[in-house]
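Structure at a glance
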Amino acid sequence: MSGIVIKGIADFISYVDGRSAKAIAAVDAGVVQIAGEIQREAVLSINKQSQGKEVKRGKRRHTVSKEGEAPNTDTGRLVGSIAIRHKKGTKEAMVFSDLDYAAYLEFALDRPWLEPAVNLKKPFLQTAIADAMAKAFR
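Residues numbered from 1 in each chain as written. Predicted model: local features only at pLDDT ≥ 70, side-chain atom pairs only at ≥ 80, totals over all residues. Heavy atoms only, no water.

Attention now moves to the overall build of the protein. A count of helical and extended segments in the protein gives five helices and four strands. Overall, the protein shows an N-to-C arrangement of helices and strands of α-β-β-α-β-β-α-α-α. Counting the 138 residues in the protein, one finds 28% classified as buried. The contacts of the protein with a sequence gap of at least 6 include a subset with a gap of at least 24, amounting to 57%. (Helix = DSSP H or I, 4+ residues; strand = E, 2+ residues; numbered from the N terminus. Buried < 20%, exposed > 50% of the residue type's maximum accessible area, 1.4 Å probe, protein only. Contact = heavy atoms within 4.5 Å.)

Further remarks concern the nonpolar core. Core analysis: the biggest nonpolar cluster contains 17 residues, and Ile-38, Ile-46, Leu-78, Ile-82, Val-95 and Trp-113 have the highest contact counts within it. Among the elements of the structure, helix 1 (9-47), helix 2 (77-81) and helix 3 (100-108) are those that each provide at least two residues to this core. In terms of residue count, helix 1 provides more of this core than any other element does, five residues in total. Those residues within four positions of Ile-82 in sequence are excluded, and the remaining contacts are Gln-39, Ala-42, Val-43, Ile-46, Val-95, Phe-96 and Trp-113. (Core = buried A, V, L, I, M, F, W, Y, C linked by side-chain atoms within 4.5 Å.)

Here the focus is the layout of surface pockets. Volume-wise, the largest pocket comes out at about 310 Å³. If you go around the largest pocket, you meet 18 residues; those closest to its centre are Arg-57, His-62, Pro-71, Asn-72 and Leu-105. Secondary-structure elements contributing two or more residues to the lining of the largest pocket are strand 2 (60-65), helix 2 and helix 3. Counted by class, the lining of the largest pocket contains eight nonpolar, six polar and four charged residues. Taken as a whole, the second largest pocket holds about 180 Å³ of empty space. Lining the second largest pocket are Val-31, Ile-34, Ala-35, Ile-38, Lys-91, Ala-93, Met-94, Val-95, Val-118, Lys-122 and Leu-125. For the lining of the second largest pocket, the secondary-structure elements that each account for two or more residues are helix 1 and strand 4 (93-96). Top element by residues in the lining of the second largest pocket is helix 1. It accounts for four residues. (1 Å grid on protein atoms, 1.4 Å probe; cavity = no way out; pocket = protein on both sides within 12 Å on 5 of 7 lines; lining within 4 Å. Points joined across faces, edges and corners; volume = space filled by probe spheres on them. Nonpolar A, V, L, I, M, F, W, Y, C, P; charged D, E, K, R; others polar.)

For the rest of this paragraph, the subject is helix 5 (residues 125-136). With twelve residues, helix 5 ought to run about 16 Å at 1.5 Å a step, and its terminal C-alpha atoms sit 16 Å apart, in line with that. Taken as a whole, helix 5 has its buried residues at Ala-128, Ile-129 and Ala-132. Looking straight down helix 5, one finds that the buried residues subtend no more than 95° of arc, so they occupy a single side. (Expected span 1.5 Å × (residues − 1). Arc of directions from axis to C-beta.)

Structure follows, in structure tokens:
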């Protein structure tokens, strides 16, 4: 009977496992960083207050943004509802609003606030992950 004897396999597996945990944490860090940037960009776009038709809402006046532009803030509820959900080790993060009208504004009324923020920050995801990896493995 012939074969190959490999010594130190337990040490090797331990070494790789230690590195994979660092790699997963680094990817998580990059993903969460970009999710935070998307959240900030969405908030900024809503708070920007673009020009549009002025309407009366109760005792207040509100400027309705033009189609294709982010909605203008009114009560601040939408801005305050934009959150990030991330579970450690998943390498995923979700930027969202749980308000019923958030998706309605984005899609039905063509007042996009999330998709433009994603499109603006998504190109930086690979760099954020690479930077986090470099930091983790110094």
